[in-house]
Amino acid sequence: MKMAKQSRAMPGPFSGLSVKIIMTIVIVILAVEVVIYLPSAAGYRTSWLDDRLRVGVVAARVLDAVPDAMNLPRMLTDRLLTSAGAQAIVYRHEGQSQLIELENAETPREAVTVDMRIRDPATQILGTLDTLFFGGDRIIRIVGEEIGQQERIVEILMSEAPLKAGLLGYSRNLLLLSLILAVITSAVLYVLVSRILILPIRRLTANMVGYRQAPENAALIVTPTARRDEIGIMEQELAAMETDIFSMLRQRRHLADLGLAVAKINHDLRNTLTSAQLLSDQVATLDDPKVQRLAPRLVQSMDRAVAFAQSVLDYGRQNVTPPRPVPVDLHLLLDEAAFDAGLVAHPAIRFVNAVPDAVSISVDPDQFARIFVNLLKNAREAFEANPNTVSPTLEVAIAETPESLTIAITDNGPGLPPRARENLFVAFEGSARPGGTGLGLAIARELTEAHGGKLAYVPQERGTRFEVTLPAATRVA
Ligand SMILES: Nc1ncnc2c1ncn2[C@@H]1O[C@H](COP(=O)(O)OP(=O)(O)OP(=O)(O)O)[C@@H](O)[C@H]1O
Ligand SMILES: [Mg+2]
């Protein structure tokens, strides 16, 4: 496990998550306000115009009440008009129309008609936009009818300026209110969000960053709070993960230390045993009958002990180098392996190399020799441990498919003992024979896999079959 050690800086309080959240909130509130603004401004304008119209209606009633409106005192009509903010009021009913206007008012130039009898929202909003963008020094004609009296129409002519001023003031207030609302909302949300989300997340983030720097420091493992929501689960899971990593690292270190110690002990042991082996060889040559009886067993035990120490040493050392493939003649390689495995000219076992001549594969010759020697030696040892096997035969053959090349090593021996089958391919565990280290198959599998291949045990009715499967590309001729 290799870990990148560069550290990641934590984002400051105004970068990262919190700012993104606040910006989003403010933008959403302002967007909502824009959508709300138009209808409410239209509402403001409508009620403003309705107010004027109501005054106009009152004035019109007064006009209606007097028999001769034309001759009303000037002062009175002017007062009426001023109170309505109007320049002129026209009152139409039963086919007649009456007009009063301010004394010194020149007849209005063209006027923009605002018909208050049309009250759908679209018209009102369009009218509002019209007032806001084009209004100001125009004259408007507000047309409406007396409530419940459809044929009595009142028209008021007046300047648009006060309406626009009112509308602008209203908009300004609304904008100010929205801003205040946005600020308050985002402040409240900020506090909430940062307490509930951001601070705990920052704590976890800081912990992860810190822990990765020093995963062997148990004090850095996060302490989960009592929360039961997603953040709480995150804290608990992180704590569990960090605890696991901590113990895994510690275990790994211990194992590495142990391995080193074993290698040292083993090395010394092998040297001592080798000296003892030399001695025991000499002892075996003594004439004493007692010695003659015991010596072979002593020599055998010494040999086994030395072999064991040697293979443990080899296992510790082996296989750090990746395979260096070169074209190898498979038939020849197998013959050599059979020789090394003690199968050539064996008194009992018949070895059949069924691989045709001139099959060339691209593999590391040393490593592949080791694979085959291990497999063939296992078979020989199994046969020798069961001397009453009928015509003991060991055969190696190949089979090819477009994708792969399979080398099968088959014997008609006793088959795998159950104890070996359980831990097959597990180093130091797989052995089921006296004096075995249980490394042969583990090493063979490791080496095959380093070549992109597979080593598999294929169950048989009788005997044992192992298959080395290689990618078809391994075959070069
Ligand atoms: N062809 C076979 N027939 C019967 N049993 C076998 C055969 N090959 C392997 N075994 C069994 O599988 C076990 C594991 O084999 P492996 O080669 O991994 O270890 P080992 O031979 O005991 O020790 P090492 O090879 O390290 O000296 C053997 O002990 C043996 O019992
Ligand atoms: Mg073996």
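What you are looking at is a predicted structure, and each value in this text was computed from that prediction instead of being measured.

Novice: Could you clarify how one ought to interpret the pairing of strand 12 (residues 464-471) in this entry?
Specialist: Each regular strand carries side chains that alternate between the two faces of the sheet. Across 8 bridges, the pairing between strand 10 (residues 404-411) and strand 12 is antiparallel. Bridging across to strand 12, Leu 405 finds its partner in Leu 470. Here strand 11 (residues 454-458) folds back onto strand 12 in antiparallel fashion, the turn holding 5 residues, of which Gly 463 has a positive phi close to 75 degrees.

Novice: Got a minute to help me understand the packing of helix 1 (residues 17-65) against helix 3 (residues 121-134) in this structure?
Specialist: Each packed pair of helices is defined by two parameters, the angle between the axes and the distance between the axes. In contact at an axis separation of 9 Å, helix 1 and helix 3 are set at 80 degrees when each is read in the N-to-C sense. What the angle tells us is that helix 1 and helix 3 run roughly perpendicular. Residue-level inspection shows Tyr 37, Leu 38, Pro 39, Ala 41, Ala 42, Arg 45 and Thr 46 of helix 1 in contact with helix 3, the latter providing Gln 124, Ile 125, Gly 127, Thr 128, Leu 129, Thr 131 and Leu 132. Across the contact of helix 1 with helix 3, the residue classes tally to 8 nonpolar, 5 polar and 1 charged.

Novice: Explain the sheet that holds strand 10 to me, please; I cannot follow it from the model alone.
Specialist: By way of backbone hydrogen bonds, the strands of a sheet pair with one another, either parallel or antiparallel. Across the sheet, 5 strands lie side by side as 7-9-10-12-11; this open sheet has mixed pairing. Strands with a single pairing partner mark the edges of an open sheet, and in this sheet they are strand 7 (350-353) and strand 11. With strand direction ignored, the average angle separating the axes of adjacent strands in the sheet is 15 degrees. Of the strands in this sheet, strand 7, strand 9 (393-400) and strand 10 are in contact with helix 7 (residues 330-340), which crosses strand 7 at around 160 degrees.

Novice: How should the site of ligand 1 be read in this particular structure?
Specialist: Close to ligand 1 lie 21 residues; Asn 378, Ser 431, Ala 432, Thr 437 and Leu 439 are nearest. Asn 378 places a side-chain nitrogen or oxygen 2.7 Å from an oxygen atom of ligand 1. At 2.9 Å, a backbone N or O of Leu 441 approaches an oxygen atom of ligand 1. Across the complex, the protein chains shield 93% of the 600 Å² of accessible surface that ligand 1 would expose by itself.

Novice: For this particular structure, what's the right way to read the domain arrangement of the chain?
Specialist: Size of an interface, as often reported, equals the accessible area lost when the parts are brought together. Domains assigned within the chain are domain 1 (17-183), domain 2 (230-316) and domain 3 (320-474). With centres defined by C-alpha atoms, the gap from domain 1 to domain 3 works out at 102 Å.

Novice: Please explain the pairing of strand 2 (residues 96-101) as it appears in this structure.
Specialist: Note that strand 1 (residues 88-93) and strand 2 share 6 bridges and pair antiparallel. Bridge assignment links Ile 89 to a residue of strand 2, and that residue is Ile 100. Hairpin connection, strand 1 to strand 2: the antiparallel pair is bridged by 2 residues, and Glu 94 has positive phi, about 45 degrees.

Novice: Would you mind showing me how to read helix 3 here?
Specialist: Note: α-helices contain 3.6 residues per turn, so residues at a spacing of three or four share the same orientation. Counted at 1.5 Å a residue, the expected span for helix 3 with its 14 residues is 20 Å, and the 19 Å between its end C-alpha atoms agrees. Within the span of helix 3, buried status applies to Gln 124, Gly 127, Thr 128, Thr 131 and Leu 132. Burial along helix 3 is one-sided: seen end-on, the buried residues are contained in an arc of 130 degrees. Helix 3 presents Leu 126, Phe 133 and Phe 134 as exposed residues on the side facing more than 90 degrees away from its buried surface.

Novice: Explanation requested: the layout of surface pockets in the structure shown.
Specialist: Here the idea is plain: a probe the size of a water molecule rolls over the atoms and shows the empty space left. Its boundaries defined by the atoms lining it, the largest pocket holds a volume of some 1200 Å³. Contributing elements (two or more residues each) for the lining of the largest pocket: helix 6 (289-317), helix 8 (365-385), strand 10, helix 10 (440-450) and strand 12. Ranked by residues supplied to the lining of the largest pocket, first place goes to helix 8 with 11 residues. The residue inventory of the lining of the largest pocket, partitioned by class, reads 24 nonpolar, 16 polar and 10 charged. Both domains that furnish three or more residues to the lining of the largest pocket are identified here as domain 2 (230-316) and domain 3 (320-474).

Novice: Can you walk me through the confidence of the model for the chain in this structure?
Specialist: It should be kept in mind that the predicted coordinates are not to be read in detail where pLDDT is low. Looking at the chain as a whole, the pLDDT averages 86, with 93% of positions reaching at least 70. Scored below 50 in pLDDT, residues 1-5 shows 7 contacts in the model against residues more than four places distant or in partner chains.

Novice: Teacher, can you tell me more about the pattern of salt bridges here?
Specialist: For side chains bearing opposite charge, pairing can occur when the charged atoms are close. Scanning all chains against the criterion turns up 14 salt bridges. For Asp 130, the salt bridge goes to Arg 138, with nearest N and O atoms at 2.9 Å. The exposure class assigned to Arg 138 is buried, which follows from its relative accessible area of 19%. When the shortest N-O distance is used, the salt bridge between Arg 227 and Asp 229 registers 2.8 Å.

Novice: When you look at the packing of aromatic side chains in this model, what are you seeing that I'm missing?
Specialist: Inspection of the entire model under this criterion finds 4 aromatic pairs. On the basis of an interplanar angle of 75 degrees and a centroid distance of 5.6 Å, the ring pair of Phe 368 and Phe 372 is categorised as edge-to-face. Here Phe 372 and Phe 368 lie together in helix 8, a separation of 4 residues that amounts to about one turn. For Phe 368, a relative accessible area of 0% corresponds to the buried category. Summarising the aromatic geometry, the rings of Tyr 457 and Phe 466 are spaced 5.6 Å apart at their centres and angled 55 degrees between planes, so their arrangement reads as tilted. Members of the aromatic cluster, joined through ring pairs, are Phe 425, Tyr 457 and Phe 466. Over the aromatic face of Trp 48 sits the side chain of Arg 52, whose NZ or CZ is 4.1 Å from the ring centroid. The aromatic ring of Phe 425 is capped on one face by Arg 445, whose charged end is 3.8 Å from the ring centroid.

Parameters at a glance
- Residues numbered from 1 in each chain as written.
- Chains lettered and ligands numbered in written order.
- Predicted model: local features only at pLDDT ≥ 70, side-chain atom pairs only at ≥ 80, totals over all residues.
- Heavy atoms only, no water.
- Pairing = 2+ DSSP bridges.
- Helix = DSSP H or I, 4+ residues; strand = E, 2+ residues; numbered from the N terminus.
- Axes fitted to C-alpha atoms, helices over the stretch in contact; angles between N-to-C directions.
- Parallel < 35°, antiparallel > 145°, perpendicular 65-115°, else oblique.
- Contact = heavy atoms within 4.5 Å.
- Nonpolar A, V, L, I, M, F, W, Y, C, P; charged D, E, K, R; others polar.
- Near = heavy atom within 4 Å.
- Polar contact = N/O pair within 3.5 Å; in protein donor to acceptor, adjacent residues only side chain to side chain.
- Areas by Shrake-Rupley, 256 points an atom, 1.4 Å probe, with all protein chains shown as cover.
- Domains from an automatic or database assignment.
- Expected span 1.5 Å × (residues − 1).
- Buried < 20%, exposed > 50% of the residue type's maximum accessible area, 1.4 Å probe, protein only.
- Arc of directions from axis to C-beta.
- 1 Å grid on protein atoms, 1.4 Å probe; cavity = no way out; pocket = protein on both sides within 12 Å on 5 of 7 lines; lining within 4 Å.
- Points joined across faces, edges and corners; volume = space filled by probe spheres on them.
- pLDDT = per-residue confidence, 0-100.
- Salt bridge = Lys/Arg side-chain N within 4 Å of Asp/Glu carboxyl O.
- Phe/Tyr/Trp six-rings, centres within 6.5 Å; stacked < 30°, edge-to-face > 60°.
- Lys NZ or Arg CZ within 6 Å of the ring centre and 35° of its normal.

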